[in-house]
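Report on the structure
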Amino acid sequence: MLINILLKMKKILYIFSASLLVFISCSKGDNPSETINQNLILPKKIAVVFQNESILTYNGNKIVQSVSGIYKTVYTYSGDLITKQEKFAGNEIDYQEEYSYENDKLKMILITGVSGDQTFKRKKVYIHNSNGTVDYIYYNINLTTGVETLGDSGELTILNGNIVKIEEGTTFLSTIEYDNKNNVTKNILGFDKLMKEELSANNIMKNTYVFNGGVNPTVNIYQYDYNAKGYPIEQRIFYDGSGTVSQTTRFTY
């Protein structure tokens, strides 16, 4: 689990490639559908400098798919909620998440994927607390017997629509600071339900995390250029306090 978390933070590109930027203006009009279509601000492309670019497809304000070379991420909805995310390499699915909800809040993710030549399956269960925190528990699932065994567990702290802290026992702690601008995925329908820090209301500015109670934290710094609507058009990441840009991502609308 810790390796997965670190890889996730080191590979924001893949997350953004699977994400979209959608903005809907709520102005009045005689024809609601026509008004929405006229006011959609949709990114055409997400490009990581010297690496790749993703072409995004939409149905209104719902994500349909994101394509980058032979890689494709496809989304399925039930009403306004995302119920499935499938990642393809060519024609083969190599990763899938299925989402279920309770009272309009994410309750469980069923995860199936391939690591090397091994297929794995696990689920992540969420418990929403009255104080604004959300507990989560992983269960590993035996592919042959279906038997579930308890895995890692932790807690998310949410403030103003942003995940500001992730605690996983004594093994991992992440504290996250945000700007006051619109997140690149803020208005994609259903993304705000998926309980991921990169899909918070605002954009990550600083992420500080430590493993196993360490005293030397890793610090990643994020910088942005914004358009007139307050959405990022360029993101620069400085990994681990580096004074040199480690990754640049550009967003074309």
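To start, this report covers the structure provided alongside it. (Residues numbered from 1 in each chain as written. Predicted model: local features only at pLDDT ≥ 70, side-chain atom pairs only at ≥ 80, totals over all residues. Heavy atoms only, no water.)

Thoughts on the overall build of the protein chain
- Within the protein chain one finds three helices and 16 strands.
- Residue burial in the protein chain is summarised as follows: out of 253 residues, 42% are buried.
- Contacts spanning at least 24 positions in sequence make up 37% of the contacts within the protein chain whose residues lie at least 6 apart.
- Summed over all atoms, the accessible surface of the protein chain reaches about 13,200 Å², with 50% contributed by carbon and sulfur. (Helix = DSSP H or I, 4+ residues; strand = E, 2+ residues; numbered from the N terminus. Buried < 20%, exposed > 50% of the residue type's maximum accessible area, 1.4 Å probe, protein only. Contact = heavy atoms within 4.5 Å. Areas by Shrake-Rupley, 256 points an atom, 1.4 Å probe, with all protein chains shown as cover.)

Remarks on unusual backbone geometry
- One non-glycine residue with positive phi stands out, namely Phe 50, at about 70°.
- Here Phe 50 is to be found in the loop between β1 (45-48) and β2 (52-59).
- Classification of Phe 50 as exposed rests on a relative accessible area of 86%.
- For Asn 103, which is not glycine, the phi torsion reads 55° and is therefore positive.

Describing the packing of aromatic side chains
- Going through the model one piece at a time under the given rule, you end up with six aromatic pairs.
- Here Phe 172 and Phe 211 contribute two aromatic rings whose centre-to-centre distance is 5.2 Å and whose plane-to-plane angle is 50°, an arrangement assigned as tilted. Residue Phe 172 is located in strand β12 (residues 172-178), and its partner Phe 211 is located in strand β13 (residues 204-211); the two are separated by 39 residues in the primary sequence.
- Relative accessible area serves as the criterion here: at 2%, Phe 172 is assigned to the buried category.
- Its relative accessible area of 25% is what places Phe 211 among the partly exposed residues.
- Taking the ring centre of Tyr 139 as reference, the NZ or CZ of Lys 123 above it sits at 5.3 Å.
- Of note, Lys 181 hangs over the ring of Tyr 226, and the distance from its end group to the ring centre comes to 5.5 Å. (Phe/Tyr/Trp six-rings, centres within 6.5 Å; stacked < 30°, edge-to-face > 60°. Lys NZ or Arg CZ within 6 Å of the ring centre and 35° of its normal.)

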